[in-house]
Structures are given as structure tokens and as C-alpha cells.
Amino acid sequence: MQIKKNKMKSFFKNIISTILAIISSIFIIILLFFGIISILNSEKEQIVKPNSILTIDLANTSIVERTVINPFQEINPLSGEMEKTIELKQVLDNIEKAKTDDNIKGIYIKSSFVNAGLSQIEEIRNKLLEFKKTGKPIVSYGEMYSQYAYYLASIATTIYLNPEGIIDLKGLGITQMFFKGLFEKLDIDIQIIRHGKFKSAIEPFTLNKMSHANRKQMEKLLHSMADNIMDSIASQRGLTLSEIQNHADNLSLENAQKCVDFNYVDALLYQDQLEDSLRVISEDSKFNFISLKKYTNVKKKKEKISRNKIAIIYATGSIASGKGDETSIGSETTAKAIKKARNDKNVKAIVFRINSGGGSALASDVIWRETILAKKEKPLVVSMGDFAASGGYYIACAADSIVANPTTLTGSIGVFGMIPNLQRFYENKLGITMDTVKTNKYADIGINRPLTSFEKNKIQKNIEHVYNTFITRVADGRKLSKTAVDAIGQGRVWSGYDAKHIGLVDTYGGIEKAISIAVELANITEYRIISLPKKKDPFTELAMTLGKEGSISEILMKKIGVQTKLTKPIENLLEQDIIQTRIPFIIELK
């Protein structure tokens, strides 16, 4: 009787497993279908109708350095909808294309919020200022404006606001999360060894609030960035920097009428009233909107294809050994891309686009070595994005020229080591004990016991060696003395604006400025752009995603339901090498 019951249980288990497998397969097929449709539609050629207005809506579209071909990675896990993304270079190219497109009568900025980094916004803003010189109008409308959205909108020929809207002008602030209390509750001891009094990447794990040194650098950083933003707004709206600072201090833009009175906006309109103003732009009662995404697929006028190439090599995300992708920097992938550009005789110059807060010191050095080899063969220009700090600066420092926006975060020349001791966590929280057999005294060094004084001293010496190597690389690349680099190093973070004054950056600008410098250094007039590392075939990417198994940390985080953008920094630190060059990136800039 018992055997029959077991057989019945096994039978029903198999039936349920089969049903679940069928449901999963159907779900995957549906996702594949929509993914393929999405890929095909994204490449469909668009035609611009006469009397068209190019619409920039960055509230519903995120700006990224490189888009991910695999549509699964762009699915919002909460809503199940596809997240719209567009590359920064595509936005800049579209604005450039619109300057001479007779069918484009103007630009309409429709963004109460902006899904982009501050440095990216600055690059788009500067490009719109170029467009403005053509005489074509730029109109902006928002039901309200966040600070970043208004910073972008402030260049518009005419700015409109909803009669019940506001401008959220309040200045900049940094909120940093600290995890010391969490680790204490979990009985996890974070063992830190560092060099650099400003190397605050480890502070969230060891302190309950900012150290004096960290607070000092953050205050200087914020004031530098805020002054740049407010001064840029002032120059476009006929205001002074002190006036804008006063309005921010007193939250003066508390209603729509005051926004008009203080000259931040030109008129108050509802959405339907705005359309009358847009008809004036199009010079016709009938006009058409075309989005940035669709305009990307509008072909340019046929031009002669040059054999000369400028290679843009993208390095975005955390730096680690091995392979990377569009959102992470792998030393193997990035070094291979630089080598490919170096060996290609038609590539006359390299633009190394970096958007990284750092990571593994070893992986950074592997990439640095490849930049040295490339520099011997052809011009190498670095373009810094929102971040190019610590390891991100390590891989940049050898370039012939470094270009950054005033709002870029850079520097952070410092090194730290972090080894968590999980012994008490295993024993007190999970009931797991360990016993060890070893052949040598320190064979079991790692995360399962506390470090001895001898081991800490050894790691400290290693960190001192890495720091000395770091400042030597910077000194050689920037033609500074090691003493001078050490004085501006020590892990301190600088804005791009201040970095130029201390010799870490050569000139202000974005990726287009870097390209123009590379062209000049290569002494060429005709060229075409290529992007590296080469993206994987979309169908190969889909197959790899479906067959990929998550790491243990990912599975655990997802199972307990707390994997968010706030827990990602913890995962990165725990998964990386012991010795790291990393910016204090667990911050939220508001």
C-alpha cells in the first residue's frame, strides 16, 4: 500500500513538473517573440515628414552609454514593460542631424524629470546650445521641473510651465547610506586596510556617519558642481549666480507665478494651449512629432565612406578581471578591444570613453598596460562620463589628452583592501561551524576567520605598493611629480572643474570634444566612427541569457527579496579582489 502511495506521489510530482516546464517554455517563447520584434523594429528606417518637431522626452527614456541588445535585460521586473533606453552618442548625433534637416522645424523638450547622469545632461545641454545657434527654436514644457530637468530646459528659447507647477530648485545634497549597524546585527566583521585619508569607499561598512575628511571633500565637490549648474542657468535666463543661490536657499519657486516673476519661465500654459505655440514653430496648422528613438533610424544624406576610423572604446561600470559587457568593465574584454583598435591600421586614433567609479586594482593595471601600448602606435584621448575615478582614473591617466565635463567626478587616487570575517555570522546566525586542516601556517587566510596582525601587515604592505604604483602611473601620464600626485591623491574625489586646475584633466568637454581632439592629433579630415567592444549578435545574446545561471549572491539576494540598486554595491565589494581602487559610490545625489 505504501509503495502505491509513493508511486502516486511520484506520478503527480512528474505531472506538476511537466506542467511547470510547459508554462515556463511558453513564457520564454513569448519573451523571445517580443524580443525579436523589438530588435527588428528598432532597426526599421524612419522617414521625417515635413513640418516635424524633434521631441526630447527623457522622463520616459533613459540615457545610457551603450544600449543592451538583449531585450530581456531591459524588462522592468516590477511592471514587465520594456524600459526605453537610448545611447548618449545617439542623442548628440540626432541633435547634430536636426541642425541641417529642413523637415525639422525645432526641438520640443518634454521632461519634468530626466533619466540621465549630470555629466550626460551637461553634454546634451551643450549640444542643444549649438542647435540653438541655427536659429531654429527650442521649446520646453513641464508640468513641473526637477532640478536636473530645469538645468536641461534652461537653454530653451521659450520655457513653459503648467499653471499649477513648480521648479524644484533647492541646491544639491548627497545622502550616503551606512551599513555598519546591519553587519553588527549579522555578526559580520568587516576588516579594512587602506591607504589615503580620503578613501571613503569603505566608510559605509565601518562607520555610522561620514568622517570629517569625507565630509570636507563632499562639501567642496557639491559646491563646485552646484555653482557650475546655477551659473549655467543664470547665463541663459538673465539672472546672477547669487540670485539663484538665494532662491534655492529660500525655496522661492514654490508656485508657478513666482517662477514667471523671477524669470525662470516665460509663460504658464496647459498642454492643449502649448500645441498652439508649436504650430507657430512648424509654420503650419499641421505638424508632426518625431521622437529621439525614431529619429535615430533616419538616414543621413549619403556621404563618402572614409577608410580612416576613429575607434570609441566604451568602458562602463565596475572594473573586474575577466570578461565585461555594456554595463561592466572586464579587463580581458576591454584590453582586447584596445588591442584590436591598436592593430587596425585604418584606426587613426582612439577615444577611450570611461564611465566608472573603479574596482579591481589588478584589472585596472591590465587595462592601463594596453593603453600604454596603444599610445605608442596612435593618439589616445580619454573622454570621461559621469564618473572616471579611482580605478576609472587609473585606466585613464596614460592618455595623450583627458577631456571631462565640469560635473564629472574624478580623482579618488587611493587604494583599500576589504576582507569580511564571516565566522560569527556562520556560527551565530546559521548554526554552521568550521574546522580546518592545512599544510602551511597561513593557508586558510580568507573570509572564514579573523586576520592575524601578521596577515594585516602583509596586506598593508601590498596596498602601499599598489598605491605607490598608482601615483607613479599618474605622475608619468600627467607629467607631475609623485609628491604632487600624492598631495592631490589620498583617495580624494574631485569635480571635473577642479580636476582641470590641479592637472588631472586637460580640457572641459564631452565625447564630441574628445573626438575632435583625436582627429586633430591624428591629422586627418575625413573619418568614420566605430564602437568597441563589438556588441554580441542579439540572438546569441538572448540564448546566453536564457542559459546563464545566477551567481550564489544573486540567488540569495533574490530569494530574500532585497536585491536592489542599494544592495548592488555590497555585492560588488564582496565579489571583487581584496585590493581595490574604488570611488565612494554608495551615494545618492539630489
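**Quick word on the overall build of the protein chain**
In terms of helices and strands, the protein chain carries 22 helices and 24 strands. Counting over 590 residues, the protein chain shows a buried share of 49%. In the protein chain, of all internal contacts separated by at least 6 residues, the share reaching a separation of at least 24 is 76%.

**Regarding the confidence of the model for the protein chain**
Here the protein chain averages 85 in pLDDT, while 79% of its residues score no lower than 70. Confidence scores differ between elements of the protein chain, with helix 21 (residues 552-560) showing the lowest mean pLDDT of 43 and strand 17 (residues 401-404) the highest of 98. In the model, residues 548-564 has pLDDT below 50 throughout and makes 13 contacts with residues more than four positions away in sequence or in other chains. Scored below 50 in pLDDT, residues 585-590 shows 26 contacts in the model against residues more than four places distant or in partner chains.

**Some details on the packing of helix 3 (residues 118-132) against helix 7 (residues 212-237)**
One way to put it is that helix 3 packs onto helix 7 with a least axis distance of 13 Å and a crossing angle of 20°. Judged on the interaxial angle alone, helix 7 and helix 3 are roughly parallel. Our pair here, helix 3 against helix 7, has a crossing hand that is left-handed. Packed against helix 3, whose contacting residues are Leu 118, Glu 122, Arg 125, Leu 129 and Lys 132, the element helix 7 presents Met 225, Asn 228, Ile 229, Ser 232, Ile 233 and Gln 236 at the interface. Across the contact of helix 3 with helix 7, the residue classes tally to five nonpolar, three polar and three charged.

**Structural notes on the nonpolar core**
Ranked by internal contacts, the top residues of the largest apolar core, which has 76 residues, are Ile 107, Ile 124, Leu 128 and Ile 167. Ranked by the residues each element gives to this core, the list is headed by helix 7, at nine residues. When neighbours within four sequence positions are excluded, Ile 167 is seen to be in contact with Tyr 145, Tyr 150, Leu 253, Cys 259, Tyr 264 and Val 265. Ranked by size, the runner-up nonpolar core spans 51 residues in total, among them Val 347, Ile 402, Phe 470 and Ile 530.

**Points about the sheet that holds strand 9 (residues 267-268)**
In spatial order, the strands read 9-6-5-4-1-10; together these six strands make up an open sheet with parallel pairing. Of all strands in the sheet, those with a lone pairing partner are strand 9 and strand 10 (288-291), marking the two edges.

**Here we look at the environment of Val 260**
Among the structural elements, Val 260 can be located in helix 9 (residues 256-261). When its relative accessible area of 23% is taken as the criterion, Val 260 is described as partly exposed. Distance from Val 260 to Tyr 160, taken between C-alpha atoms, is 9.3 Å for residues 100 residues apart in sequence. Ignoring anything within four residues of it in the chain, the contact list for Val 260 reads Val 265 and Leu 268.

**Looking at the pattern of salt bridges**
Counted by the stated rule, this structure contains 20 salt bridges. Across the salt bridge formed by Glu 130 and Lys 127, the nearest N and O atoms sit 3.1 Å from each other. Highlighted residues: Glu 130 and Lys 127, both in helix 3, separated by three residues, approximately one helical turn. Looking at Glu 130, the relative accessible area reads 33%, which means it is partly exposed. Look at the salt bridges and you will find they share partners, linking Glu 96, Lys 99, Lys 127, Glu 130 and Glu 512 into a network.

**Some words on the packing of helix 7 against helix 8 (residues 241-249)**
Taken N-terminus to C-terminus, the directions of helix 7 and helix 8 make an angle of 115°; their axes are 8 Å apart at the nearest point. Read as a crossing pair, helix 7 and helix 8 show a hand that is right-handed. Within the contact between the two elements, helix 7 uses Asp 227, Met 230, Asp 231, Ile 233 and Ala 234 and helix 8 uses Leu 241, Ile 244, Gln 245 and Ala 248. Looking at the contact of helix 7 with helix 8 residue by residue, the class counts come to six nonpolar, one polar and two charged.

**Thoughts on the side chain of Ser 383**
Mapped onto the fold, Ser 383 is located in strand 16 (residues 380-389). A relative accessible area of 0% means that Ser 383 is categorised as buried.

**A word on the packing of aromatic side chains**
For the structure on display, the rule yields 10 aromatic pairs. Where Tyr 150 meets Tyr 264, the ring centres are 5.8 Å apart and the plane angle is 55°; that geometry is what we call tilted. A residue pair is termed long-range when its members are at least 10 positions apart, and Tyr 150 in helix 4 (residues 147-153) and Tyr 264 in the loop between helix 9 and strand 9 qualify at 114 residues. The same class applies to Tyr 150 as to Tyr 264, namely buried. When the ring of Phe 425 is compared with that of Tyr 426, the centres are 5.9 Å apart and the planes differ by 50°; the resulting orientation is tilted.

Criteria and thresholds
Residues numbered from 1 in each chain as written. Predicted model: local features only at pLDDT ≥ 70, side-chain atom pairs only at ≥ 80, totals over all residues. Heavy atoms only, no water. Helix = DSSP H or I, 4+ residues; strand = E, 2+ residues; numbered from the N terminus. Buried < 20%, exposed > 50% of the residue type's maximum accessible area, 1.4 Å probe, protein only. Contact = heavy atoms within 4.5 Å. pLDDT = per-residue confidence, 0-100. Axes fitted to C-alpha atoms, helices over the stretch in contact; angles between N-to-C directions. Parallel < 35°, antiparallel > 145°, perpendicular 65-115°, else oblique. Left-handed = near helix turned anticlockwise from the far one by under 90°. Nonpolar A, V, L, I, M, F, W, Y, C, P; charged D, E, K, R; others polar. Core = buried A, V, L, I, M, F, W, Y, C linked by side-chain atoms within 4.5 Å. Pairing = 2+ DSSP bridges. Salt bridge = Lys/Arg side-chain N within 4 Å of Asp/Glu carboxyl O. Phe/Tyr/Trp six-rings, centres within 6.5 Å; stacked < 30°, edge-to-face > 60°.

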